[in-house]
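# Remarks on the overall topology
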Amino acid sequence: MHIRFDVPADPAYPGRVAAALGSVRLRRYGYIGAALAAVGAIGFVVSRGFAWGDRTSTLWMAMVVGGLLSMLYLPWVRLRARRRSSRYAVEGAYDITDDNIMMRSGSESGGIAWDGVAQVRDTPEFWIVYVDRMPATVIPRWLMTAEDAETLRAFMAGRGLLRQR
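The structure presented is a predicted model; accordingly, all values stated were derived computationally and were not measured. (Residues numbered from 1 in each chain as written. Predicted model: local features only at pLDDT ≥ 70, side-chain atom pairs only at ≥ 80, totals over all residues. Heavy atoms only, no water.)

### Focus on the sheet that holds strand β5 (residues 117–122)
The condition is simple: For two strands to be treated as a pair, DSSP must find no fewer than two bridges joining them. Where helices and strands are cited, they refer to DSSP runs of H or I of at least four residues and of E of at least two residues respectively, numbered from the N terminus. The convention used is that axes are lines fitted to C-alpha atoms, helices contributing only their stretch in contact, and that angles between N-to-C directions extend from 0 to 180 degrees. The contact definition used throughout considers only heavy atoms, calling two residues in contact when any of these lie within 4.5 Å.
Taken in spatial order, the 3 strands of this open sheet run β5-β6-β7, and their pairing is antiparallel. Whereas interior strands pair on both sides, the edge strands pair on one side only; in this sheet they are β5 and β7 (134–140). Taken over all neighbouring pairs, the strand axes of this sheet differ in orientation by 25 degrees on average, direction set aside. Bridge count between β5 and strand β6 (residues 126–131): 5 bridges; the pairing is antiparallel. Looking at β6, one finds that Val117 is bridged to Val131. Along the sheet, helix α3 (residues 146–158) contacts β5, β6 and β7; its crossing angle with β6, the most-contacted strand, is approximately 30 degrees.

Structure representation (structure tokens):
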């Protein structure tokens, strides 16, 4: 297998990559926030029926507000990443073989050996490549031809890195 494709100098591309990588790591804040907000709301409603409810209402409201802020953390990080990364738009390229993934961005380049890849997660725009438990890079599917994307999907599935759809 030898797949090569270019990445245009699109100001939106670095933000999309940052959002994809950030959402993987920051998704738990949304879950924690939803749990905090739910517990806070239930506690607030239940405490209203008791004499001590007035003394604990601040605690329950703090939990609700903390939960809402935690749920808003991921969208805020995505917005900041997109806004700040637009000035990092440079041309790049990917060169993917049976042995490794080579990436070039501007004057810098780097690679990841397939032997070091623990898993690959499928998102609507990217394949997120993990080394151990950390997301290491993304492979943008929309920049590849359909044949190359299917070849790479089959290769990753054959290695047990990606589950077939």
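So, next bit.
### Examining the nonpolar core
The nonpolar side chains of soluble globular proteins are, as a tendency, buried together. Filter applied, for reference: The nonpolar core is taken to be a set of buried Ala, Val, Leu, Ile, Met, Phe, Trp, Tyr and Cys residues, with the residues joined through side-chain atoms within 4.5 Å. Buried, partly exposed and exposed residues are distinguished by accessible area as a fraction of the type maximum, computed with a 1.4 Å probe on protein chains only: under 20%, between the cut-offs, and over 50%, respectively.
Ranked by size, the top nonpolar core spans 28 residues in total, and within it Trp114, Val120, Trp127, Ile139, Leu152 and Met156 carry the most contacts. Looking at this core, the element that brings in the most residues is β6, giving 5 residues. Once residues lying within four places of it in the same chain are set aside, the contact partners of Ile139 are Phe5, Tyr94, Ile96, Ile101, Glu125, Phe126, Trp127, Val129, Met144 and Leu152.

### Considerations on the sheet that holds strand β4 (residues 108–113)
One open sheet holds the 4 strands; their spatial order is β1-β2-β3-β4, and the pairing between them is antiparallel. Of all the strands in the sheet, the pair left with one neighbour each is β1 (2–7) and β4. Averaged over all pairs of adjacent strands, the angle between strand axes in this sheet comes to 10 degrees, irrespective of strand direction. The pairing of strand β3 (residues 100–105) with β4 spans 6 bridges and is classified as antiparallel. If you follow Arg104 over to β4, its bridge partner there is Ser109.

### Some points on the packing of aromatic side chains
Note the cut-off: Centre distance within 6.5 Å is the pairing criterion for rings of Phe, Tyr and Trp, where only the six-membered ring of Trp is used; planes under 30 degrees apart are then read as stacked, over 60 as edge-to-face, and the remainder as tilted. Working rule: Lys NZ or Arg CZ, within 6 Å of ring centre, within 35 degrees of ring normal, means a charge sits over the ring.
Going through the model one piece at a time under the given rule, you end up with 5 aromatic pairs. Relative to Trp76, the ring of Tyr73 has its centre 6.0 Å away and its plane inclined at 35 degrees; by these criteria the two rings are tilted. Here Trp76 and Tyr73 lie together in helix α2 (residues 53–85), a separation of 3 residues that amounts to about one turn. Here Trp76 falls in the partly exposed class, since its relative accessible area comes to 45%. An aromatic cluster is present here, built from Tyr29, Tyr73 and Trp76 joined pairwise through their rings. Residue placement shows Arg141 over the ring face of Trp127; its charged tip is 5.0 Å from the ring centre.

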